[in-house]
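Examination of the molecular architecture
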Amino acid sequence: MQQIISTPAMNTSPLKSVLQRFPFVPALIILIALVALNGFFQPRSLSFGSITGLFSTYLALMLLAVAQTYVVFSGDIDLSVGSIVSLVNVVIIVLMEKWGGGGLTVIAACLVGILTGLACGVANGIMIAGLRLQAIVATFATSIFFTGLALYVLPVAGTPAPEAYWMTYGGTYFGIPFVFYVVAAVAIVLGVLARMRLTTQMLAVGDDAMAAFQTGLPVTLIRIKGYVLCGLFSALAALCITGDTASGDPLVGGKMTLYSVAAVVLGGSALSGGAGTVTGSLIGALIIGLINSLVFFVGTPSEWQNLVQGLAILTALMAGILVSRGARA
Amino acid sequence: MSTETAVSVTAAPSKAIEFLKRPLVVALILIVALLALGEALSPGFASAEQILRLLVVASVMGIVAAGQNLVIIGGREGIDLSVGGIVSLAAILAGNVMNGAESGILPAVLVAVSVGALFGLFNGLGITLLRIPPLVMTLGMLGVLQGLLVVIRNGIPSGRAAPALSQFVTQPLLFGLPGIIWLWIAIGLFMAFLLKRTVFGYRIYAIGSNEQAAFMAGVPVKTIRVGLFVLSGVFAALAGVCLLGYSGSSFSNVGEQYMLPSIIAVVLGGTPLAGGKGGYTGTMAGAVLLVILQSILTTVHIDESGRQMVFGATLLVLMLFYGRGRAMRG
């Protein structure tokens, strides 16, 4: 840490160029430290089973952090991601119940769920990029609307997911838990997206929208695409959370919105747009998950856990910003 | 996003249209229209006592929005997400300090306001000295506050409001208006004076529209910004005490419902989130507008789901009236 802070004066230090290329390195260091601490206080937390558990619980938050990243890239924000998760969750639960819960119907329901997420993203994009409403307040308004829709689809929490669904999510195939197949598939998709022109365009818009516009980029369309990607990954997050909780809850995602923003910031992306990585956000989401489990393993009394978590996340947020600014300045 | 280079090509509209497009005017027209709609849907909605009840609810929202408004005008993506947590914390602390006793009101207000100021100070220092973006700093602080609330609720019983405080909030005090409405009017006058007649007020606009230029002109940018966040904490704490008086006892997370709506009230009042512009009169109208809208939706008999959908959609339509960004033209 001290080395990093003391270097900004030297413009060509190798450390700084590494940080510029891989802005998530500070987050990675925090993550490794947290893994070590978790292992120290509870050696079993490093077992394969525990790590699988960590992933199946926090995969939803990781995907939601990814969703948030794509709008943050172009300088926007989406406070409706949590409500999209809730909406998709109840949509697939209700459809699977209605259609009988067999293998094919589960897949069909998931597809409808993904389409729902995409539609939410398109709506957000049109509101903010098309009609030029202010992102923070407009997505808050759409989140109220989406929550209303979710309550319409399923007024009270409780409808269980069919066995076929959560057995698959929690199952093991060829010796590897299902969640890791999901992780691998997501990693490939994200890798492809990172190499696509769209990512560079979104970052360009976030860096300086006017300049991007004057270079001839379709700024409005690019921002809408960001929101559509956001809707897509929010829907995927909903599929994971449904696999984890195995039930429908019209308010399940509400609390996750702010965590997704925190994960993006922890991962070294600038909320003002133009700089950041999806890898960082994934690490940020894992940091939040590991802080939660560490607070538990250290033996914090239950009523103090939230406070310690809050303080730890605030500290990590501040440290992350200070270090990544040192790298960018 | 820099829009300085965008050139407005529209011809100057007539004065009447210009007047009608002012956010405050739009909000006032909408308030009257909504009251008429409410009266049509359920006779008695726009009766004097009903309007007074709405104003009492709106004043709590308006007091939170006062601090939010200052922070937003101060610019640099100014926003305070921690107000919800401060409202809850202030309500629970004040309830415990007074615990139903009239003599405890003053100490309770002092404790609540000091705690609010303290958290505002933390926010301000993080934002200025460490240069953490306000959204991130206050979001992190919200997490800390929520954790603190869990600890406090486990440790001490939920306190009670003194009867005098409840009376102040709910019963007529002077000319038929409850004390809290007078308090809100006083805050409105204070804000107008602060923003339009003091050096501090001018400097808020200065740092909000161009922080660099203000700094060059010798404005103590950091001190002012810290002050804005402290004021935001103080206003949120005051609202928390009022809320305690309104509900009689403090219960969990009462303040959460004020976090984002306080920002909406500011935006509906015509203060853009970009900062450097706007005022509090519009925000007051925005708070009233929000509360009337919510009240109409609870009056008509529709499900919670329909209520939320209509509320969300209406907010979006209202935002289309004003608060839109400028189009990009080459």
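Predicted, not measured: the structure shown is a model, and the values here were computed from it.

What counts, and where the lines are drawn
- Residues numbered from 1 in each chain as written.
- Chains lettered and ligands numbered in written order.
- Predicted model: local features only at pLDDT ≥ 70, side-chain atom pairs only at ≥ 80, totals over all residues.
- Heavy atoms only, no water.
- Helix = DSSP H or I, 4+ residues; strand = E, 2+ residues; numbered from the N terminus.
- Contact = heavy atoms within 4.5 Å.
- Rg over C-alpha atoms; globule rule 2.2 N^0.38 Å.
- Buried < 20%, exposed > 50% of the residue type's maximum accessible area, 1.4 Å probe, protein only.
- Areas by Shrake-Rupley, 256 points an atom, 1.4 Å probe, with all protein chains shown as cover.
- Lys, Arg positive; Asp, Glu negative; His and termini not counted.
- Charge placed at Lys NZ, Arg CZ, Asp CG, Glu CD.
- Core = buried A, V, L, I, M, F, W, Y, C linked by side-chain atoms within 4.5 Å.
- Axes fitted to C-alpha atoms, helices over the stretch in contact; angles between N-to-C directions.
- Parallel < 35°, antiparallel > 145°, perpendicular 65-115°, else oblique.
- Left-handed = near helix turned anticlockwise from the far one by under 90°.
- Nonpolar A, V, L, I, M, F, W, Y, C, P; charged D, E, K, R; others polar.
- pLDDT = per-residue confidence, 0-100.
- Expected span 1.5 Å × (residues − 1).
- Buried area = accessible area lost by both parts, 1.4 Å probe.
- Salt bridge = Lys/Arg side-chain N within 4 Å of Asp/Glu carboxyl O.
- Polar contact = N/O pair within 3.5 Å; in protein donor to acceptor, adjacent residues only side chain to side chain.

**Some points on the overall build of chain B**
Regarding its fold elements, chain B presents 14 helices and two strands. For chain B, the spread of C-alpha atoms along the three principal axes comes to 65 × 55 × 40 Å. Considering only residue pairs separated by 6 or more positions, chain B has 75% of its internal contacts joining residues 24 or more positions apart.

**Topic: the overall build of chain A**
Scanning chain A from N- to C-terminus turns up 15 helices and two strands. Computed over its C-alpha atoms, the radius of gyration of chain A comes to 20 Å, within 12% of the 20 Å expected for a compact globule of 329 residues. With the C-alpha coordinates aligned to their principal axes, the bounding extent of chain A is approximately 65 × 55 × 40 Å. Burial analysis of chain A (329 residues in total) assigns 56% to the buried set. Considering only residue pairs separated by 6 or more positions, chain A has 77% of its internal contacts joining residues 24 or more positions apart. Within the structure as shown, chain A displays about 13,700 Å² of accessible surface, and the carbon and sulfur contribution to it stands at 70%. If you average the places of the 12 positive and of the 9 negative side-chain charges in chain A, the two averages end up 14 Å apart.

**A few points about the nonpolar core**
Within soluble globular proteins, side chains that are nonpolar generally end up buried alongside one another. Of all hydrophobic cores here, the largest spans 210 residues; its most connected members are Tyr70 and Phe233 of chain A together with Ile292 and Leu315 of chain B. Broken down by element, this core gets its largest block of residues, 16 residues, from helix H4 (residues 48-73) of chain A. In this structure, leucine 315 of chain B is in contact with Ala141 and Ile144 of chain A together with Ile264, Leu268, Leu290 and Leu293 of chain B, ignoring residues within four places of it in sequence.

**Considering the packing of helix H3 (residues 25-41) of chain A against helix H14 (residues 278-297) of chain A**
Residues and elements named next belong to chain A. Interaxial distance between H3 and H14 falls to 9 Å at its minimum, and their mutual angle equals 25°. One finds that H3 runs roughly parallel with respect to H14. Note that H3 runs across H14; the crossing there is left-handed. Across the interface between the two elements, Ala27, Leu28, Ile30, Leu31, Leu34, Val35, Leu37, Asn38 and Phe41 from H3 touch Ile283, Leu286, Ile287, Leu290, Ile291, Ser293, Leu294 and Phe297 from H14. In the contact of H3 with H14, the residues fall into 15 nonpolar, two polar and no charged.

**Let's talk about the confidence of the model for chain B**
Chain-level pLDDT for chain B is 83 on average; 90% of the residues reach the 70-or-more range. Confidence drops under a pLDDT of 50 for residues 1-10 of chain B, and excluding neighbours within four residues, the segment shows nine contacts in the predicted structure.

**A word on helix H12 (residues 219-245) of chain A**
Residue and element names in this part refer to chain A. Helix length check: H12, at 27 residues, gives a terminal C-alpha distance of 39 Å against a target of 39 Å (1.5 Å per residue), a fit within 8%. Judged by how many residues are buried, H12 sits mostly within the fold: 19 of 27 residues are covered. Positive backbone phi, approximately 55°, marks alanine 246, located one or two places after H12.

**Topic: the interface of chain A and chain B**
Size of an interface: often given as the accessible area lost when the parts come together. Taken together, the contact between chain A and chain B spans 45 residues of the former and 52 residues of the latter. Between chain A and chain B, roughly 4,300 Å² of surface is buried when both sides are summed, and carbon and sulfur atoms account for 78% of that area. Interface area lost by chain A to chain B is led by Arg132, Gln134 and Met210 of chain A, which between them contribute 15%. Counting every contact that joins chain A to chain B gives zero salt bridges. At the boundary of chain A and chain B, one finds one residue pair in polar contact (both at pLDDT 80 or more). Those elements that place two or more of their residues in the side of chain A that touches chain B are helix H7 (135-153), helix H11 (209-214), H12, helix H13 (256-266) and helix H15 (302-328) of chain A. Sorting elements by how many residues they give to the side of chain A that touches chain B places H7 of chain A first, with 13 residues. Here the side of chain A that touches chain B is composed, by residue class, of 32 nonpolar, seven polar and six charged.

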